[in-house]
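Given next are the chains, with one letter for each unit.
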Amino acid sequence: MNVETKAVRNDVKEYEKFGWKCNEEQRAGHAKHHYTEYILVRDKDIPNYDQISSLERKYFSAKSQLQTYEPMDPVYGVVTFLCLIVPFVVYAVFKSNQKKKVEAHNAAVHKRMDSVLVELEKYNK
C-alpha cells in the first residue's frame, strides 16, 4: 500500500473531503499554547489521485487568501474622533478670534477714512 502522511492542526473534516483519514491525535505545544495535532494518511493508489491532489492544492491555496474583518475598537474610535475634533475646535476658535480682530481693525480704518473725507470736505467748498 502506497500512502502519504500529513500533520495538521486544522479541522480534519476539510481534509477528509480529499481522501485523508485521521490516523492519530497528539497534544502538542508549550507553556500556555496547547493544540491538537492530527496525523493524517491517504492512499496514493486511490482512483483519480492526481486530480484530487491537484484540487486539494487549489482549495487550500484559495483558503489561504481569505481575509478576516476586525471591527473597529471603540476606544480607538473615540480617540480618533477626539484627535480630529479637538484640532477642528481649536482652528474654529482661532478663526473666530481672527475675524473679530480683522473686523475691529477694519472699523478703525473706516473711521480714519471717514475723518479724512470730512476734512476733505473743508477744502472742497
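Check the entry above for the structure.
What this report covers is the structure whose coordinates are included nearby.

Rules of the game
- Residues numbered from 1 in each chain as written.
- Predicted model: local features only at pLDDT ≥ 70, side-chain atom pairs only at ≥ 80, totals over all residues.
- Heavy atoms only, no water.
- Helix = DSSP H or I, 4+ residues; strand = E, 2+ residues; numbered from the N terminus.
- Rg over C-alpha atoms; globule rule 2.2 N^0.38 Å.
- Buried < 20%, exposed > 50% of the residue type's maximum accessible area, 1.4 Å probe, protein only.
- Contact = heavy atoms within 4.5 Å.
- Areas by Shrake-Rupley, 256 points an atom, 1.4 Å probe, with all protein chains shown as cover.
- Lys, Arg positive; Asp, Glu negative; His and termini not counted.
- Charge placed at Lys NZ, Arg CZ, Asp CG, Glu CD.
- Core = buried A, V, L, I, M, F, W, Y, C linked by side-chain atoms within 4.5 Å.
- Phe/Tyr/Trp six-rings, centres within 6.5 Å; stacked < 30°, edge-to-face > 60°.
- Expected span 1.5 Å × (residues − 1).
- Arc of directions from axis to C-beta.

Of regular secondary structure, the protein possesses three helices and three strands. When the helices and strands of the protein are read in sequence order from the N terminus, they spell out β-α-β-β-α-α. On C-alpha atoms alone, the protein measures out to a radius of gyration of 39 Å, which is more than a quarter above the 14 Å that the 2.2 N^0.38 rule sets for 125 residues. C-alpha atoms of the protein, sized along the principal axes, occupy 125 × 40 × 15 Å. A buried classification covers 13% of the 125 residues belonging to the protein. Restricting the contact set of the protein to residue pairs at least 6 apart, pairs at least 24 apart contribute 52%. Accessible area of the protein: about 11000 Å², with a carbon and sulfur share of 58%. When the 20 basic and 17 acidic side-chain charges of the protein are each reduced to a single mean position, those positions are 12 Å apart.

A few words on the nonpolar core. Of all hydrophobic cores here, the largest spans eight residues; its members are V8, V12, Y15, F18, W20, Y38, L40 and F60. Non-local contacts of F18, meaning those with residues more than four positions away in its chain, are made with R42, I52, L55, E56, Y59 and F60.

By the secondary structure assignment, E14 is in helix α1 (residues 12-16). A relative accessible area of 12% places E14 in the buried class. Leaving out residues up to four positions away in the same chain, E14 has contacts with Y59, F60 and K63.

Looking now at the packing of aromatic side chains. The relation between two aromatic rings is expressed through the spacing of the ring centres and the mutual angle of the planes. Scanning the model with the defined rule gives four aromatic pairs in all. Summarising the aromatic geometry, the rings of Y15 and F60 are spaced 4.6 Å apart at their centres and angled 15° between planes, so their arrangement reads as stacked. Of this pair, Y15 sits in helix α1 while F60 sits in helix α2 (residues 49-63), placing them 45 residues apart in sequence. Taken as a pair, Y15 and F60 share a single burial class, namely buried.

Right, let's get into α2. Taking 1.5 Å of rise per residue, 15 residues should cover 21 Å, and α2 covers 21 Å from first to last C-alpha, within 8% of that figure. Along α2, the positions that sit buried rather than exposed are Y49, S53, E56 and F60. All buried residues of α2 lie within an arc of 55° about the axis, which places them on one face of the element. For α2, the exposed residues lying more than 90 degrees away from the buried face are D50 and K58.

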